[in-house]
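Geometric and topological summary
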Amino acid sequence: MFVTAEEMLKKAKAGHYAVGQFNINNLEWTKAILLAAEEAKSPVILGVSEGAGKYMCGYKTVASMAGAMIDELNITVPVAIHLDHGSYEGCLKCIEAGFSSIMFDGSHYPIEENVEKTKELVAMCKEKGLSLEAEVGSIGGEEDGVIGAGECADPKECTAIADLGITMLAAGIGNIHGKYPANWQGLSFETLDAIQQLTGDMPLVLHGGTGIPDDMIKKAISLGVAKINVNTECQLVFAEATRKYIEAGKDLEGKGFDPRKLLKPGTDAIKAKVIEKMELFGSVGKA
Ligand code: 13P
């Protein structure tokens, strides 16, 4: 079954690598990511956004499906199932549904309110034995209709949240969900360094993993990032592989329209992309 993200992130931090959080959207996505992790002998975090949770018929469906897959696919590497950018209510639902990890994104609240709500969730997660990610400074770009400006978090506010007893901290350092614009200034390593200096051993989370140059990813890991979230890049390779299959007319040949065949190139593309990212993050062989 699932494990929390705590142990895997402690190991990542000590070993100077990062664990990937790959967001899931359906059965094929989940299967591809689990098989990739098993092949790469890497720990993995399955990310579920509130929108994806709704799409997949609710958190209970998602937790049951992913949990059963771990069993039936004989997955032996550590797998956490994690709510991505949860609202307070979403967190409560995922705790109830059997998630092993949640993220409370209170970055849009005034810091006092973010602290208050995060504190309540820390107590609940401790009681249930779940890991908890909190956020300070909103991540830029658009996700599930929410647009963030890509702030750089205030390191002092990060300390206020980190000291509450959370497992991991997502802090805005100029990162953006989705594709980066041509005039993007890059990650603020100065902010990242200042946050880590003030938060000690706290595993830091880098959102918006798609499109960040490899050297910046490596530098972020060297400065304390222990979890990196990737979503859009998997969606892009899935769409591209499916498009090629259809444009080649394969769906109209033989039984090529069978969803098992139609979705296979995209599923294989996600698996290959996840393994590529695990290699970059240094988590291969760390399970
Ligand atoms: P990308 O879609 O940019 O990879 O970001 C994913 C993410 O941060 C999920 O929380």
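Above this text is the structure in question.
Remember, predicted model here, so these are calculated numbers, not experimental data.

1. Some words on the packing of helix α10 (residues 232-247) against helix α12 (residues 264-281)
If you want to describe how two helices pack, look at the angle between their axes and the distance between the axes. At their nearest, the axes of α10 and α12 sit 8 Å apart, and the two run at 145° to each other. Where α10 crosses over α12, the handedness of that crossing is right-handed. Between α10 and α12, the residues in contact are Glu 233, Cys 234, Val 237, Phe 238, Ala 241, Thr 242 and Tyr 245 and Pro 265, Gly 266, Thr 267, Ala 269, Ile 270, Lys 273, Val 274 and Lys 277, respectively. Of the residues contributing to the contact of α10 with α12, the split by class is nine nonpolar, three polar and three charged.

2. Some details on the nonpolar core
If you look at soluble globular proteins, the nonpolar side chains tend to sit buried side by side. Of all hydrophobic cores here, the largest spans 77 residues; its most connected members are Phe 22, Ile 33, Val 79, Phe 99, Ile 102, Leu 169 and Leu 206. Excluding residues within four positions of it along the chain, Leu 169 makes contact with Ala 134, Val 136, Cys 158, Ile 161, Ile 195, Thr 199, Met 202, Pro 203, Leu 204 and Val 205. Counting residues in each nonpolar core, the second largest holds 13 residues, with Tyr 17, Ala 80, Met 103 and Ala 170 among its members.

3. Looking at the pairing of strand β2 (residues 44-49)
Taking burial as the measure, the six residues of β2 include six buried ones, the bulk of the element. Neither face of β2 is open: one carries Val 44, Leu 46 and Val 48, the other Ile 45, Gly 47 and Ser 49, and all of them are buried. Traced from strand β1 (residues 19-23) through helix α2 (residues 27-40) to β2, the parallel crossover comes out right-handed.

4. Things to note about the sheet that holds strand β5 (residues 131-136)
Read around the closed barrel, eight strands run β1-β2-β3-β4-β5-β8-β9-β10, paired in parallel fashion. Averaged over all pairs of adjacent strands, the angle between their axes in this sheet comes to 25°, without regard to strand direction. Pairing analysis gives three bridges linking β1 to β2, with the strands arranged parallel. Within β2, the position partnered with Gln 21 by the bridge is Ile 45. Seen against the sheet, α2 touches β1, β2 and β3 (79-86) and runs at an angle of roughly 165° to β2. Packed onto the sheet, helix α8 (residues 189-199) meets β8 (168-171), β9 (204-206) and β10 (225-230) and runs at close to 155° relative to β9.

5. Re the packing of aromatic side chains
One pass over the structure, following the stated rule, counts five aromatic pairs. An angle of 45° between the planes, with centres 4.7 Å apart, marks the rings of Trp 29 and Phe 238 as tilted. Taken as a pair, Trp 29 in helix α2 and Phe 238 in helix α10 lie far apart in primary sequence, 209 residues in all. Neither residue differs from the other here; Trp 29 and Phe 238 are each classed as buried. Between Phe 104 and Tyr 109 the ring centres are 6.3 Å apart and the planes differ by 25°, which places this aromatic pair in the stacked class. Three or more aromatic residues joined by ring pairs form one cluster here, namely Tyr 88, Phe 104 and Tyr 109. One cation-aromatic arrangement involves Lys 117 over Tyr 109; the distance from NZ or CZ to the ring centre is 4.6 Å. The ring of Tyr 17 has Lys 286 lying over it, and the distance from NZ or CZ to the ring centre is 4.8 Å.

6. Notes on unusual backbone geometry
Even without a glycine there, the phi angle at His 16 is positive, about 55°. Judged by relative accessible area, His 16 falls into the exposed class, the value being 62%. Not every positive phi belongs to a glycine, and Asn 74 is a case in point at roughly 55°.

7. Things to note about the site of the ligand
In the vicinity of the ligand, 15 residues are found, and the nearest of them are Asp 84, Gly 178, Gly 208, Thr 210 and Thr 232. One nitrogen or oxygen atom from the side chain of Asp 84 is found 2.7 Å from an oxygen atom belonging to the ligand. In the environment of the ligand, an oxygen atom lies 2.5 Å from a nitrogen or oxygen atom belonging to the side chain of Thr 210. Here the ligand has 310 Å² of accessible area as a free molecule, and 100% of this is covered by the chains. Looking at the shell around the ligand, the elements that each hand over two or more residues are β3 and β10. For the shell around the ligand, a count of residues per class yields two nonpolar, eleven polar and two charged.

Scoring rules and cut-offs
- Residues numbered from 1 in each chain as written.
- Predicted model: local features only at pLDDT ≥ 70, side-chain atom pairs only at ≥ 80, totals over all residues.
- Heavy atoms only, no water.
- Axes fitted to C-alpha atoms, helices over the stretch in contact; angles between N-to-C directions.
- Helix = DSSP H or I, 4+ residues; strand = E, 2+ residues; numbered from the N terminus.
- Left-handed = near helix turned anticlockwise from the far one by under 90°.
- Contact = heavy atoms within 4.5 Å.
- Nonpolar A, V, L, I, M, F, W, Y, C, P; charged D, E, K, R; others polar.
- Core = buried A, V, L, I, M, F, W, Y, C linked by side-chain atoms within 4.5 Å.
- Buried < 20%, exposed > 50% of the residue type's maximum accessible area, 1.4 Å probe, protein only.
- Right-handed = clockwise from strand over helix to strand, strands pointing away.
- Pairing = 2+ DSSP bridges.
- Phe/Tyr/Trp six-rings, centres within 6.5 Å; stacked < 30°, edge-to-face > 60°.
- Lys NZ or Arg CZ within 6 Å of the ring centre and 35° of its normal.
- Near = heavy atom within 4 Å.
- Polar contact = N/O pair within 3.5 Å; in protein donor to acceptor, adjacent residues only side chain to side chain.
- Areas by Shrake-Rupley, 256 points an atom, 1.4 Å probe, with all protein chains shown as cover.

These values are about where atoms sit, not about what they do.
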